[in-house]
Amino acid sequence: MPKPKVAFFDFTCCEGCQLCALDLTAEQLLDLLAVIDIVEFREAISEKSDSFDIAIVEGSITRDSDIPRLEKIRKTANLLICLGSCSCIVGINALKNFQKTEELQNEVYPDAPHRYETSVARAVDEIVKVDAIIPGCPINTLEFVKVVKNLVLGKDPDIPTYPVCIECKKKENICVYEKGIHCLGPVIRAGCGAICPEKGGYCFGCRGLVPDPNLDSMREIMNKYNMPYDQIDDRFKLFLGRNKEIFQDVQ
Amino acid sequence: MNKTINRPFFQITKDGMLAAIDKMLQDYSVAALTEKNKNVVFDFVKSSAEISNVYKPTILSPKKFFFPQEEVILEYTAEGKVTAIIESKPMVLFGIRPCDINAKKVMDEAFAESNGDANYLSKIENSVIIGIDCKQVCDEDSFCYRVNSQEVTTGCDILLYDLGEKYIFEYKNEKGREFAIKYFGSQGSDHGAYDKFLKEKESNFGKTEGPFKDLEYLPGVFEHTKDHPIWEEEAKRCLSCGSCIMVCPTCYCFDVADELALNLKEGQRLRRWDACMLSDFANVATGESFRKEVSNRIRHRMNRKFNFLMRKHHQPACVGCGRCVRACLADISPKEIVEIITGEKERE
Amino acid sequence: MSPQLNINEKDEKLYLPEIAKVTKVKSFTDQEKFFEVELASGRSLNHDPGQFVQVSVLGIGEAPISISSPPEKGSRFEMCIRAVGPLTRKLHTLGVGDNIFIRGPFGHGFDKDILDKLSGKHLLFIAGGIGYVPLRSLINMVLEEKEIYEKISILYGCKTPQERMFPSELDEINSIGGNVELLEIVDRPDNNWKGYSGVITNLIPRVSINPENCIAVIVGPPIMYKFVIMDLLDLKMPKKSIYISLERRMKCGIGKCGHCQMEGIYVCQEGPVFNYSYVANNKEIF
């Protein structure tokens, strides 16, 4: 079997997820390179290529001028994988969608509002077909390896459809709600190993909603644990701004 | 309860027990209640000093030692050589409580029935289970007294009774007898000490509500309440997060998955805890689900505990440990569901 | 009393699959392929019609597949596999000589008890789409001794003519005549289609059914059962004269993993073949 050629691309993002993808032991990296050829990866190599089988795309699409580039990538690639929250679910880039683009331009660049092109932030799947997502802010490196491996083998990407609570309970973490902390874990896709609640924080929702979440109940519970509804909205907003089932007013 | 039978009881001091555990550690891995991240969990200890003296219900039950969260069942090579992996090590599980002992009974039967599951059973076979009886209900979420699971008949090899300065103990089978003689000695105890313990236990549990109304008829009651409005009502709150199942000592459903090593030369088949409360549990290959509605999943789960499995095991498959009640942010409680289903209580 | 736990009775090979070689492959449709497979051990599957095996490709996974050949075909048996997931897509790439792995047979099919009840009866097979595959084992078996049945009627419905399973076998069945009849219907006929068009229930009134002496066996998509059974009950067929075979996603095949549960029933143990009277009140059946 010839090794599939893999190329990394980025749009609006911090490129941190690409760095995470490299955060492997030497042995893991060699094993990975035994099954794929990396032909373009700005963070790691200087080569560029117009020919690849798998495109791994980080970042949201926030400029209309990015669309042709993304479409070209899609056309070339057999498989397109979204890397990180920005490309999978828009993530924090969706915060701008709560404001009119014009307003934003004036606010950020009051001297030259039109010098910098920007539009509503979109996830990659709003523009082109996506074959697999590796969500997270940042991604989980082991999940990245697993998804790439599964796709190379012709399997489903196999990322969890269950919520963070499953992983948190398996680790026997005390539920952060017992400490008065409001966590989105019950409605957020697992795969992170519940790392934030485990370390005493809370789930921000960076991996996006599980399929079919009970958001009404989630809000009621957060409120029952003494969080006012407007703060609940803010908590959802950080990573889940794109979800119209939560935010009807988002662009 | 066979309290009238003249059973032999033995005794060992608390210090003696600590020394016995250190002695066991030379021959066995010992899992016991121990502190971890400001919490108590059942985990392997390296010395008796690591064992917590104060009992607090744990998040996960001891089932994790016999039915691990993730377990390799096959190993194979790219050339097609396949090996069944059945692993167990000599271990002592020290200090599990009546609820978990009764839960283990359900698990033992489930894995032994019709097709003996070697992965589970070999771990049981290789273990010595030392229980400690409870003198009172451990917290307000547990409801062992509603399903009579504060009582231990079988399910452990040795049962201890904590008398403060010492334990008295009895063995439940030959394995327990041999083990106790080897590690605990065989200093006899008179029945008086046991009777005193029992009296206090009965007095403490006598203050509870006692067993569910119609406890032994629950399978029939559940069979006839499939259309009860409670399923829809609970579904409105339920997050389908599956926490209740992770922490349940009698849930044993699993998923099976293949994982090829990154070098693509060898691989494993694993089984992992799964949960019937999750939305895609009953999906078939074409994506169709046979339990799509949350209400149906809650009904299924409760029927497993009080109907389907209860018929099979002749005891409720819910042992009232209260773990799911503590874990549920939506305050869904099997205790409350049963009370409403049987008409014992009305919803507040 | 509770069953006595006997931990000595453990089966160390419960999850261990055995190697099998693909001996024949045939494409039926874009989605379905026929496989003949031989167990390397030379052992005969010794299955009942209606049972299933767990098929795996190492590294990809395992899934339940129904056996579509009649019993006693030596160490070879047949399956028809629809490519719906990673495993079945992988199976579709295999050719003669390739290895797959098998556990089973599992489940409760048409065992001797049921088969004994069939002789002298009018057998009414009702299959929808790929549902013909699990039925084929029993159909081919009864066709071999068709004289002992009063009549054999096979009703087969598909979405399009292209989706018919085992098309050449269907033609053969059609030409048997005598007490054997085959009626086919498709939802969306093409220009070459000469048979009936519509849904499968349209065929039921075209068969003369004496509810006293008829045994119906139904396999198809979930939606089909409901309507077919309704029609049969309207014809005064007793529930106990209806058999169904159900699809579930078994992960273990041995009554443990829980995925195939239908209320309290493990389909992999008590099914996939059920007498309808046994499951008629089950809320999770279709």
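The rules behind the values
- Residues numbered from 1 in each chain as written.
- Chains lettered and ligands numbered in written order.
- Predicted model: local features only at pLDDT ≥ 70, side-chain atom pairs only at ≥ 80, totals over all residues.
- Heavy atoms only, no water.
- Helix = DSSP H or I, 4+ residues; strand = E, 2+ residues; numbered from the N terminus.
- Rg over C-alpha atoms; globule rule 2.2 N^0.38 Å.
- Buried < 20%, exposed > 50% of the residue type's maximum accessible area, 1.4 Å probe, protein only.
- Contact = heavy atoms within 4.5 Å.
- Areas by Shrake-Rupley, 256 points an atom, 1.4 Å probe, with all protein chains shown as cover.
- Arc of directions from axis to C-beta.
- Buried area = accessible area lost by both parts, 1.4 Å probe.
- Salt bridge = Lys/Arg side-chain N within 4 Å of Asp/Glu carboxyl O.
- Polar contact = N/O pair within 3.5 Å; in protein donor to acceptor, adjacent residues only side chain to side chain.
- Nonpolar A, V, L, I, M, F, W, Y, C, P; charged D, E, K, R; others polar.
- Pairing = 2+ DSSP bridges.
- Domains from an automatic or database assignment.
- Right-handed = clockwise from strand over helix to strand, strands pointing away.
- Core = buried A, V, L, I, M, F, W, Y, C linked by side-chain atoms within 4.5 Å.
- Lys, Arg positive; Asp, Glu negative; His and termini not counted.

Once that is clear, we can look at the overall build of chain B. Counting secondary structure elements, chain B contains 11 helices and 12 strands. Radius of gyration (C-alpha) of chain B: 21 Å, near the 20 Å computed for a compact globule of 348 residues. Overall, the C-alpha framework of chain B stretches about 65 × 60 × 40 Å when taken along its three principal axes. Counting all 348 residues of chain B, 60% fall into the buried class. Put simply, of all contacts in chain B between residues at least 6 apart along the chain, 72% involve residues at least 24 apart. Surface exposure of chain B reaches about 14000 Å², of which carbon and sulfur atoms provide 49%.

A few words now on helix α5 (residues 101-108) of chain A. Along α5 of chain A, the residues that are buried comprise T101, L104 and Q105 of chain A. On an axial view of α5 of chain A, the arc spanned by its buried residues comes to 100°, and they lie on one face.

This brings us to the interface of chain C and chain B. In this assembly, 45 residues from chain C lie in contact with 54 residues from chain B. Summing both partners gives a buried area of about 4200 Å² for chain C against chain B, and 57% of it is carried by carbon and sulfur. Where chain C meets chain B, there are 6 salt bridges. Across the pair K251 of chain C and D255 of chain B runs a salt bridge, and its minimum N-O distance is 2.4 Å. Counting the contacts that link chain C with chain B gives 26 residue pairs in polar contact (both at pLDDT 80 or more). Put simply, the parts of the chain that give the side of chain C that touches chain B at least two residues each are β3 (52-57), β4 (61-66) and β13 (261-262) of chain C. Of the residues that constitute the side of chain C that touches chain B, the class distribution is 21 nonpolar, 11 polar and 13 charged.

A word on the interface of chain C and chain A. Tallying the contact residues gives 4 residues for chain C and 4 residues for chain A. Both sides of the chain C and chain A interface together cover about 350 Å² of buried area, and 45% of this is carbon and sulfur. Area buried by chain C at its contact with chain A is led by G59, I60 and P86 of chain C, which between them contribute 80% of it. For the interface between chain C and chain A, the tally reads 1 salt bridge. As a salt-bridge pair, D156 of chain A and R89 of chain C come within 3.5 Å of each other at their nearest N and O atoms. Here chain C is connected to chain A by 2 residue pairs in polar contact (both at pLDDT 80 or more). Looking at side-chain class alone, the side of chain C that touches chain A contains 2 nonpolar, 1 polar and 1 charged residues.

With that settled, the discussion passes to the pairing of strand β6 (residues 99-106) of chain C. All names here are of chain C. For β6, the tally of buried residues reaches 7 of 8 residues, placing the bulk of the element in the interior. Note that strand β1 (residues 18-27) and β6 share 4 bridges and pair antiparallel. For A20, the partnering residue across the bridge sits in β6 and is I100. Judged from the 4 bridges that link them, β3 and β6 form a sheet pairing that is antiparallel. Note that in β6 the partner of V55 across the bridge is I102.

Residue and element names in this part refer to chain A. What the domain assignment lists for chain A is domain 1 (5-152) and domain 2 (164-240). For domain 1 versus domain 2, the distance between C-alpha centres works out to 25 Å. Counting from both sides, the interface comprises 12 residues of domain 1 and, opposite them, 10 residues of domain 2. Of the roughly 930 Å² buried between domain 1 and domain 2 on both sides combined, carbon and sulfur atoms contribute 63%. One salt bridge connects R207 with E143, and the closest N-O pair in it is separated by 2.8 Å. Grouping the constituent residues of the side of domain 1 that touches domain 2 by class yields 7 nonpolar, 4 polar and 1 charged.

Keep in mind that most residues, glycine aside, have a negative phi and that most peptide bonds are trans. Backbone torsion omega between G104 of chain C and P105 of chain C reads 10°, so that peptide bond is classified as cis. Note that P105 of chain C resides in strand β6. Even without being glycine, D212 of chain A reaches a positive phi, approximately 60°. By secondary structure assignment, the location of D212 of chain A is in the loop between α8 (195-198) and α9 (215-224). The phi angle at D331 of chain B is positive, at roughly 60°, despite the residue not being glycine. Structurally, D331 of chain B can be placed in the loop between α10 (323-327) and α11 (334-341). A relative accessible area of 40% means that D331 of chain B is categorised as partly exposed.

Further remarks concern the pairing of strand β7 (residues 122-128) of chain C. Residue and element names in this part refer to chain C. Of all 7 residues making up β7, 7 are buried, and the element is well covered by its neighbours. Residues of β7 alternate between two faces, with H122, L124, I126 and G128 on one and L123, F125 and A127 on the opposite face, all of them buried. The parallel pair β7 and strand β8 (residues 151-158), bridged by helix α3 (residues 132-144), forms a crossover whose chirality is right-handed. Pairing of β7 with strand β11 (residues 214-219) involves 6 bridges; the strand directions are parallel. Note on β11: the bridge partner recorded for L123 is I215.

With 188 residues, the main nonpolar core has F236 of chain A together with F125, I126, Y132, I218, L232 and I244 of chain C as its most contacted residues. With 8 residues, the single largest contributor to this core is α3 of chain C. Apart from residues no more than four positions distant in its own chain, Y132 of chain C is found in contact with A127, I139, I154, Y156, M165, F166, L170 and I173 of chain C. C17, I81, V152 and I159 of chain A belong to the second largest nonpolar core, which has 25 residues in total.

This part covers the side chain of E109 of chain B. Residues and elements named next belong to chain B. Looking at the element boundaries, E109 is found in helix α2 (residues 98-112). Within the buried core, E109 has no salt-bridge partner, and the shortest N-O distance to an opposite charge, that of K105, equals 5.9 Å. Within the local environment of E109, its side chain forms a polar contact with the side chain of H313, the two groups lying 2.6 Å apart.

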